[in-house]
Amino acid sequence: STATKIAQKKFDNCIMNASGVWCYDEKELSALDKSEAASFVTKSGTLESRKGNPKPRYFETDLGSINSMGLPNQGLEYYLNFVNKVQEQNPNKNYFVSCTGFNVQEDVLLLEEVKKSGFKGIVELNLSCPNVPGKPQTGYDFETVDMILQTVFENYEGLLGVKLPPYFDIVHFDQMAKILNKYPLTYINSVNSIGNGLYIDEEQEKVVIKPKNGFGGIGGDYIKPTALANVHAFYQRLDSRIQIIGTGGIKTGRDVFEHILCGASMVQVGTALMKEGPSIFRRLTRELEAIMRSKGYEKLSDFKGKLKYM
Ligand code: ORO
């Protein structure tokens, strides 16, 4: 079985979409709900709906993707209404709503909206969007992350996880884990895209997306080693009550297996879901099951976090 739990909530398997992919509106979210994905997470909802950055703002490469969407979304209220409706129809399934404010006051307002709506699922607070011109990635400002979590947990009692940017320095893993361990977080999600890469069309000598003169978040094959390092670094450092969702470079059952081996309790698929569509969840689940069968593993806990060292 590839079943898992996040905060004692059960999921039939451990694979779902990454926020931003196939989750913009009811139509896309319904397709995920009907697929073999364990759950879905919405696009990060903001206080007001947003059109996002000018197009083209997403480009697929042989090895992955580059995006500078700029948080186009329908507004948090839309997602809460929809997910609460879906939840009523599927009382045994659990869902995630992502949200992101442009400052801590907005984060508090968003969570008040979640609370008022009666949402019973899990909230993912996105601290890592790399694509809003002029706005730094919150996750790289350690003092601000500490202050946001302090304020948010004074105001919100529901299940809450955070989406983090990738870190690249051992001292940063130490410092961020120390901050995260102070709070009653349900989970962390590592990683968001690697911010501000540049992909170039050599023949045209030109960038491939319009916003920010071509700079954008990198996903796909490029980022799997970074994602695995972040999952495992936090698995080593976080209190065991804080679970990990692994995101980054997942396109085969083997990639799912590696994320879980590094300590993830659940995984999310972004770039490969864009490429393949929601039928990918059936394939990934089958491929993970085949690997587990061949290794004699019956459940995720047989190998979760059990990465061996030399
Ligand atoms: N893109 C990403 O890669 N990550 C985010 O959190 C948000 C966006 C976007 O909307 O541009």
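Residues numbered from 1 in each chain as written. Predicted model: local features only at pLDDT ≥ 70, side-chain atom pairs only at ≥ 80, totals over all residues. Heavy atoms only, no water.

Caption draft 1: Looking closely at the pattern of salt bridges. Taken as a whole and judged by the stated rule, the model has 15 salt bridges. Between arginine 237 and aspartate 174 there is a salt bridge, and its shortest N-O distance comes to 2.6 Å. Taken together, the positions of arginine 237 in helix α6 (residues 224–237) and aspartate 174 in helix α5 (residues 170–180) put the pair 63 residues apart, joining distant regions of the chain. On the basis of relative accessibility, which here comes to 23%, the residue arginine 237 falls in the partly exposed class. Linking aspartate 221 and lysine 251 is a salt bridge whose minimum nitrogen-to-oxygen distance equals 2.9 Å. Taken together, the positions of aspartate 221 in the loop between β13 (215–220) and α6 and lysine 251 in the loop between β14 (243–247) and α7 (253–261) put the pair 30 residues apart, joining distant regions of the chain. Residue classification places aspartate 221 among the partly exposed positions, given a relative accessible area of 28%. For lysine 251, a relative accessible area of 37% translates into the label partly exposed. Shared partners join several salt bridges into a network, and the residues in it are Glu36, Arg282, Arg286 and Glu289. (Salt bridge = Lys/Arg side-chain N within 4 Å of Asp/Glu carboxyl O. Helix = DSSP H or I, 4+ residues; strand = E, 2+ residues; numbered from the N terminus. Buried < 20%, exposed > 50% of the residue type's maximum accessible area, 1.4 Å probe, protein only.)

Caption draft 2: Here's a closer look at the sheet that holds strand β7 (residues 122–126). One open sheet holds the seven strands; their spatial order is β3-β15-β14-β9-β8-β7-β6, and the pairing between them is parallel. This sheet does not close on itself; its edge strands, each paired only once, are β3 (15–17) and β6 (96–99). Looking at each pair of strands side by side, their axes are set apart by 25° on average, direction ignored. Bridge analysis of strand β8 (residues 160–164) against strand β9 (residues 187–190) gives four bridges, and the strand direction is parallel. (Pairing = 2+ DSSP bridges. Axes fitted to C-alpha atoms, helices over the stretch in contact; angles between N-to-C directions.)

Caption draft 3: Looking closely at the environment of cysteine 262. As for its placement among the helices and strands, cysteine 262 is situated in the loop between α7 and β15 (266–269). With a relative accessible area of 7%, cysteine 262 lands in the buried category. On a C-alpha basis, the gap between cysteine 262 and serine 190 in space is 12 Å, while along the polypeptide they are 72 residues apart.

Caption draft 4: Focus on the nonpolar core. Counting 69 residues, the largest nonpolar core has Leu149, Val162, Leu180, Leu185, Ile188, Phe234 and Val269 as its most contacted members. Excluding its chain neighbours within four sequence positions, the residues that come into contact with phenylalanine 234 are Leu164, Tyr167, Phe173, Met176, Ala177, Leu180, Ile188, Ser190 and Ile244. With 10 residues, the next largest nonpolar core counts Met16, Ala38, Phe96 and Ile245 among its residues. (Core = buried A, V, L, I, M, F, W, Y, C linked by side-chain atoms within 4.5 Å. Contact = heavy atoms within 4.5 Å.)

Caption draft 5: View of the layout of surface pockets. One number sums up the size of the largest pocket: a volume of about 870 Å³. If you go around the largest pocket, you meet 50 residues; those closest to its centre are Ser19, Gly20, Val21, Tyr58 and Asn67. Counting residues per element, the lining of the largest pocket draws most heavily on helix α8 (residues 271–276), which supplies five residues. Lining the second largest pocket are 21 residues, and of these Gly101, Phe102, Lys135, Pro136 and Thr138 sit closest to its centre. Where the lining of the second largest pocket is concerned, the elements lending two or more residues are α3 (104–117), β7 and α4 (142–155). Here the lining of the second largest pocket takes three residues from α4, the largest share from any one element. Here the lining of the second largest pocket is composed, by residue class, of 10 nonpolar, eight polar and three charged. (1 Å grid on protein atoms, 1.4 Å probe; cavity = no way out; pocket = protein on both sides within 12 Å on 5 of 7 lines; lining within 4 Å. Points joined across faces, edges and corners; volume = space filled by probe spheres on them. Nonpolar A, V, L, I, M, F, W, Y, C, P; charged D, E, K, R; others polar.)

Caption draft 6: Structural detail: the packing of helix α2 (residues 76–89) against α3. Where α2 meets α3, the axes come as close as 10 Å, and the angle between the chain directions of the two elements is 25°. By the angle between their axes, α2 is roughly parallel relative to α3. Note on packing geometry: the crossing formed by α2 with α3 is right-handed. In this structure, α2 contributes Leu76, Glu77, Leu80 and Asn84 to the contact, and α3 contributes Leu110, Glu113, Val114 and Ser117. Split into classes, the residues belonging to the contact of α2 with α3 amount to four nonpolar, two polar and two charged. (Parallel < 35°, antiparallel > 145°, perpendicular 65-115°, else oblique. Left-handed = near helix turned anticlockwise from the far one by under 90°.)

Caption draft 7: Representation of the packing of aromatic side chains. One pass over the full model with this rule turns up 14 aromatic pairs. Between phenylalanine 257 and phenylalanine 303, the ring centres sit 4.5 Å apart and the planes meet at 20°, which makes this aromatic pair stacked. Taken together, the residues span a long stretch of sequence, with phenylalanine 257 in helix α7 and phenylalanine 303 in the segment after α9 (280–295) at a distance of 46 residues. Phenylalanine 303 carries the same exposure label as phenylalanine 257, and that label is buried. Cluster of aromatic residues (ring-pair linked, three or more members): Tyr140, Phe142, Tyr167, Phe173 and Phe234. (Phe/Tyr/Trp six-rings, centres within 6.5 Å; stacked < 30°, edge-to-face > 60°.)

Caption draft 8: Spotlight on the site of the ligand. Contacts to the ligand come from Lys43, Asn67, Met69, Gly70, Leu71, Pro72, Asn126, Cys129, Pro130, Asn131, Asn192 and Ser193. A distance of 2.8 Å separates an oxygen atom of the ligand from a polar atom in the backbone of glycine 70. For the ligand, an oxygen atom lies 2.7 Å from a polar atom in the backbone of leucine 71. Starting from 290 Å² of accessible surface for the ligand in isolation, the protein chains cover 91%. Judged by the fraction of its atoms near the pocket grid, the ligand is located in the largest pocket. For the shell around the ligand, the residue count by class is five nonpolar, six polar and one charged. (Near = heavy atom within 4 Å. Polar contact = N/O pair within 3.5 Å; in protein donor to acceptor, adjacent residues only side chain to side chain. Areas by Shrake-Rupley, 256 points an atom, 1.4 Å probe, with all protein chains shown as cover. Sits in = over half its atoms within 2 Å of the grid points.)

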